[in-house]
Amino acid sequence: MGEGKDIDLLAAAIVIGITNGAFIALIALGYTLVYGIIELINFAHGDLFMLGTFACLTTLTILGFGTEVGIAGTPWLALVIAMLVAMAFCGGLNVLAERIAYRPLRKAPRLAPLISAIGVSFIFINIGLFWQGPTPRRFPDLLPQYDFLSQFFGLHTLVRFTVKDLFVLSLAVPLMLGLAWVIQNTRMGKAMRAVAQDSEMALQMGIDVNRVIAFTFLLGGLLAGAASLMYGLYNNNTVFTLGFTAGLKAFTAAVLGGIGNVSGAALGGFVLGLLASLTVTYFGGQWENVGVFSLLVIILVFRPTGLLGQIQGDRA
Amino acid sequence: MPILEVQDVHTYYGNIEALKGISLKVEQGEIVTLIGSNGAGKTTTLRTIAGVLRPRRGTVRMDSSDLTKTPANQIVRLGIAHSPEGRRIFARMTVRENLEMGAFARGAANIADDYERVYTLFPRIKERLKQRAGTLSGGEQQMLAIGRALMARPKLLLLDEPSMGLAPVLVELVFQTIKEINAQGMTVLLVEQNAHMALTIANRGYVLQTGKIVLSDTAKALASNEMVRKAYLGED
Ligand SMILES: Nc1ncnc2c1ncn2[C@@H]1O[C@H](COP(=O)(O)OP(=O)(O)O)[C@@H](O)[C@H]1O
Ligand SMILES: [Mg+2]
């Protein structure tokens with residue numbers, strides 16, 4: 001019996017880890033796409049995600065679903081609208097940041113855009129502070145409270161696989177596959193890969209490099225926006241400092257997978273989600289960020305190219 | 001009227017003047033070669049024509065456009081394609097995708113004919129279409145770089161050291177192919193350190209020394225010129 005419980009606990013941690021891994025992966029993709037194309041670590045990306053959760057919250061509030069109290073059933077249409085608003089908002093804001101804060105520094109020494117990104121991060125954090133205040137905000141719990149394992153299959157287990165998990169995974173996985181498809185098959189996706197490998201040659205192929213870079217920031221922002229709704233509905237809270245922890249996890253995931261490597265970021269996201277959840281389950285929540293930071297340090301020391309290999313923007 | 005006319009071009013790297021007033025012309029249908037030793041400024045000249053370097057002074061005219069005022073990504077649309085020094089193929093894209101990128105500016109119109117043309121010139125490329133370009137041998141990468149440039153259907157092809165690092169039989173093959181492309185009507189501006197081969201296939205040539213053109217003549221005359229023979233053909 002004791003053994004069954006142990007396995008239950010492990011399985012429960014794994015489900016939680018996979019679901020958390022999904023939003024981490026979506027955010028990590030934003031880091032890795034941008035790094036892949038202009039070798040910039042976009043420090044503001046986690047904060048962009050935080051602003052996304054605020055955009056969702058504001059949209060839901062305007063639509064009359066700022067709290068779940070008194071709501072009968074899930075307002076699916078409102079959720080779809082909130083997600084689209086957050087995606088457009090984060091996508092647009094990311095493009096704007098690139099245009100204003102990074103593009104003018106494209107030919108400057110590498111440190112300049114990095115510092116500029118830290119500046120953008122501060123600006124985003126302060127916008128967040130002004131927007132929703134300093135205290136954590138409750139994000140409405142709008143999804144059905146339904147656990148498939150106990151309620152549908154009638155299993156008696158600690159493991160929960162709820163509508164929330166299904167919601168997150170059934171959005172995140174198609175988004176990632178869609179991204180991979182865009183990069184692999186579309187004209188813009190091929191242009192992105194060409195710019196990432198050799199932007200000067202891409203220019204000579206007739207590619208508008210500025211447009212391609214803007215498009216890359218747009219994609220990263222769209223994914224962060226989508227992740228923000230999932231995060232909010234799953235965790236039911238948000239706060240203006242959320243970008244730091246979310247960003248740290250996602251950045252670690254991107255480095256773990258091999259920064260610049262798109263499949264690496266997705267894989268890294270899931271691995272990191274699992275690691276965080278196992279750390280919380282077996283060592284306690286206070287150890288979560290320690291685990292993440294230690295992993296980051298370990299990768300940087302022992303395998304700086306990540307699991308799937310770092311991608312240099314350079315020609316081979 | 002020449003297809004390309006470079007006039008008094010001065011190009012700098014920071015404060016270093018790499019081109020000190022270059023003028024040259026390329027006529028429709030010619031192979032013109034630019035020879036000179038390492039560091040003379042040959043690559044800088046081609047990169048200036050291709051628009052990725054901007055001269056501080058001077059003009060580069062193609063038909064009625066001044067290329068020095070044309071955005072670099074529009075130059076291919078005016079009919080110039082560049083197979084650069086070191087090939088610079090997109091190593092992580094497939095061979096086929098590399099060719100496709102060559103035709104990027106044209107969109108997908110009639111692209112099938114262009115693939116066929118490249119496959120006919122370079123049958124080895126056709127066998128490797130699905131492979132990552134980075135896995136090709138040096139010679140194959142060179143063929144791919146030329147093929148990619150041809151996919152743009154240029155009026156003028158810029159070739160920078162296509163023989164660099166290739167085994168002698170491949171050098172022979174590459175030069176044969178350049179002649180063949182030219183026979184089909186392509187105008188070529190060829191940069192080479194291998195002056196002997198370049199002068200064999202070119203109509204005319206320019207000799208570049210530390211950023212200046214010191215000699216220009218028909219390829220035949222250059223090949224028998226005393227100074228050229230000593231300095232670039234390794235004879236004494
Ligand atoms: N990226 C660069 N930065 C600074 N100087 C350069 C750069 N590229 C070339 N040079 C200098 O410009 C001169 C011409 O170089 P290049 O055009 O590459 O010569 P070539 O192709 O004839 O060998 C050389 O003195 C070279 O050192
Ligand atoms: Mg050179």
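Residues numbered from 1 in each chain as written. Chains lettered and ligands numbered in written order. Predicted model: local features only at pLDDT ≥ 70, side-chain atom pairs only at ≥ 80, totals over all residues. Heavy atoms only, no water.

Colleague: Sorry if this is basic, but what is going on with the packing of helix H6 (residues 163–185) of chain A against helix H9 (residues 209–235) of chain A here?
Modeller: Working note: a packed helix pair is described by the angle between its axes plus the distance between those axes. All names here are of chain A. Running from N to C, H6 and H9 point in directions that differ by 170°, and their axes come no closer than 9 Å. In terms of orientation, H6 lies roughly antiparallel with respect to H9. Facing H6, whose interface residues are Lys-164, Asp-165, Phe-167, Val-168, Leu-171, Ala-172, Leu-175, Leu-179 and Val-182, H9 presents Phe-215, Leu-219, Leu-223, Ala-226, Leu-229, Met-230, Leu-233 and Tyr-234. A breakdown of the residues in the contact of H6 with H9 according to their chemical character gives 15 nonpolar, no polar and two charged. (Axes fitted to C-alpha atoms, helices over the stretch in contact; angles between N-to-C directions. Helix = DSSP H or I, 4+ residues; strand = E, 2+ residues; numbered from the N terminus. Parallel < 35°, antiparallel > 145°, perpendicular 65-115°, else oblique. Contact = heavy atoms within 4.5 Å. Nonpolar A, V, L, I, M, F, W, Y, C, P; charged D, E, K, R; others polar.)

Colleague: Please explain empty space enclosed by the protein as it appears in this structure.
Modeller: The rolling of a water-molecule-sized probe over the atoms marks out the regions of remaining empty space. In the structure shown here, the tally under the stated rule is two cavities of 30 Å³ or more. Volume-wise, the largest cavity comes out at about 60 Å³. Together, Gln-204 and Met-205 of chain A together with Val-76, Ile-80, Ala-81, His-82, Gly-102, Arg-148, Ala-149 and Ala-152 of chain B line the largest cavity. Only strand S6 (80–83) and helix H5 (138–150) of chain B provide two or more residues apiece to the lining of the largest cavity. Sorting elements by how many residues they give to the lining of the largest cavity places S6 of chain B first, with three residues. Residue composition of the lining of the largest cavity, grouped by class: six nonpolar, three polar and one charged. No other element matches the three residues that S6 of chain B contributes to the lining of the second largest cavity. Looking at the lining of the second largest cavity residue by residue, the classes come out as five nonpolar, two polar and no charged. (1 Å grid on protein atoms, 1.4 Å probe; cavity = no way out; pocket = protein on both sides within 12 Å on 5 of 7 lines; lining within 4 Å. Points joined across faces, edges and corners; volume = space filled by probe spheres on them.)

Colleague: Explain the site of ligand 1 here, please?
Modeller: All names here are of chain B. In the region of ligand 1, the neighbouring residues are Tyr-13, Ala-18, Ser-37, Asn-38, Gly-39, Ala-40, Gly-41, Lys-42, Thr-43 and Thr-44. Residue Lys-42 places a main-chain N or O atom 2.8 Å away from an oxygen atom belonging to ligand 1. Residue Thr-43 places a side-chain N or O atom 2.7 Å away from an oxygen atom belonging to ligand 1. Calculation on ligand 1 without its partners gives an accessible area of 560 Å², and the protein chains cover 60% of this total. The element best represented in the shell around ligand 1 is helix H1 (residues 42–49), accounting for three residues. (Near = heavy atom within 4 Å. Polar contact = N/O pair within 3.5 Å; in protein donor to acceptor, adjacent residues only side chain to side chain. Areas by Shrake-Rupley, 256 points an atom, 1.4 Å probe, with all protein chains shown as cover.)

Colleague: Honestly, the interface of chain B and chain A in this entry has me stumped. Any pointers?
Modeller: Often the size quoted for an interface is simply the accessible area lost on bringing the parts together. In this complex, chain B contributes 22 residues to the contact, which on the side of chain A involves 23 residues. Summed over both partners, the interface of chain B with chain A buries about 2200 Å², with 56% contributed by carbon and sulfur atoms. Three residues stand out in chain B for area buried against chain A, namely Arg-88, Arg-92 and Phe-104 of chain B, and they jointly supply 34% of the buried area on that side. Counting every contact that joins chain B to chain A gives five salt bridges. For the side of chain B that touches chain A, the element with the highest residue contribution is helix H2 (residues 95–102) of chain B, accounting for four residues. Here the side of chain B that touches chain A is composed, by residue class, of 11 nonpolar, four polar and seven charged. (Buried area = accessible area lost by both parts, 1.4 Å probe. Salt bridge = Lys/Arg side-chain N within 4 Å of Asp/Glu carboxyl O.)

Colleague: What is the right way to look at the pattern of salt bridges in this model?
Modeller: Between side chains of opposite charge, a pair can form as their charged atoms come close. Tallied over the full model, the rule gives 19 salt bridges over all chains. For Arg-47 of chain B, the salt bridge goes to Glu-200 of chain A, with nearest N and O atoms at 2.5 Å. With Arg-47 of chain B in helix H1 and Glu-200 of chain A in helix H8 (residues 199–204), this residue pair bridges two chains. Looking at Glu-200 of chain A, the relative accessible area reads 22%, which means it is partly exposed. Measuring nitrogen to oxygen at the nearest pair gives 3.0 Å for the salt bridge that ties Arg-128 of chain B to Glu-140 of chain B. Linking Arg-128 of chain B in the loop between helix H4 (123–126) and H5 with Glu-140 of chain B in helix H5, this pair joins segments that are 12 residues apart in sequence. With relative accessibility at 5%, the residue Glu-140 of chain B sits in the buried group. (Buried < 20%, exposed > 50% of the residue type's maximum accessible area, 1.4 Å probe, protein only.)

Colleague: Before we go on, may I ask you to explain the coordination of the magnesium ion (ligand 2) in this structure?
Modeller: Ideal geometry at a metal gives 109.5 degrees between four tetrahedral donors and either 90 or 180 degrees between six octahedral ones. Residues and elements named next belong to chain B. Taken together, Thr-43 (OG1) and Glu-85 (OE) make up the full set of protein donors to the magnesium ion (ligand 2), lying 2.0 Å away. Taken together, the residues Thr-43 in helix H1 and Glu-85 in the loop between S6 and H2 connect sequence positions 42 residues apart. Glu-85 gets classed as partly exposed once you look at its relative accessible area, which sits at 34%. (Donors = N, O, S within 2.8 Å, 3.2 Å for Na, K, Ca; no water.)

Colleague: I would appreciate a short explanation of the sheet that holds strand S1 (residues 4–13) of chain B in the present structure.
Modeller: Pairing between the strands of a sheet comes from backbone hydrogen bonds, and it takes one of two forms, parallel or antiparallel. Residue and element names in this part refer to chain B. Strand order in the open sheet made by the four strands is S2-S1-S4-S5, with antiparallel pairing throughout. Of all strands in the sheet, those with a lone pairing partner are strand S2 (16–26) and strand S5 (65–66), marking the two edges. Bridge count for strand S4 (residues 57–62) against S5 is two bridges, and the pairing is antiparallel. Looking across to S5, one finds that Met-62 is bridged to Ser-65. Its contacts with the sheet put H1 on S1, S2 and S4, and the angle it makes with S1 is roughly 115°. (Pairing = 2+ DSSP bridges.)

Colleague: Before we go on, may I ask you to explain unusual backbone geometry in this structure?
Modeller: Across the chain, the bulk of peptide bonds are trans and the bulk of non-glycine residues have phi less than zero. All names here are of chain B. The residue Asp-63 is not glycine, and still its phi comes out positive at about 50°. Its place among the elements puts Asp-63 in the loop between S4 and S5. Assessed through its relative accessible area of 36%, Asp-63 is described here as partly exposed. One non-glycine residue with positive phi stands out, namely Arg-87, at about 70°. Along the chain, Arg-87 falls in the loop between S6 and H2. Given a relative accessible area of 14%, Arg-87 falls into the buried group.

Colleague: Where do I start with the side chain of Glu-97 of chain B in this structure?
Modeller: Here Glu-97 of chain B is to be found in helix H2. We classify Glu-97 of chain B as buried; its relative accessible area is 8%. Apart from the residues lying within four places of it in its own chain, the contact partners of Glu-97 of chain B are Gln-184, Lys-190 and Arg-193 of chain A.

These figures come from the coordinates and say nothing about function on their own.
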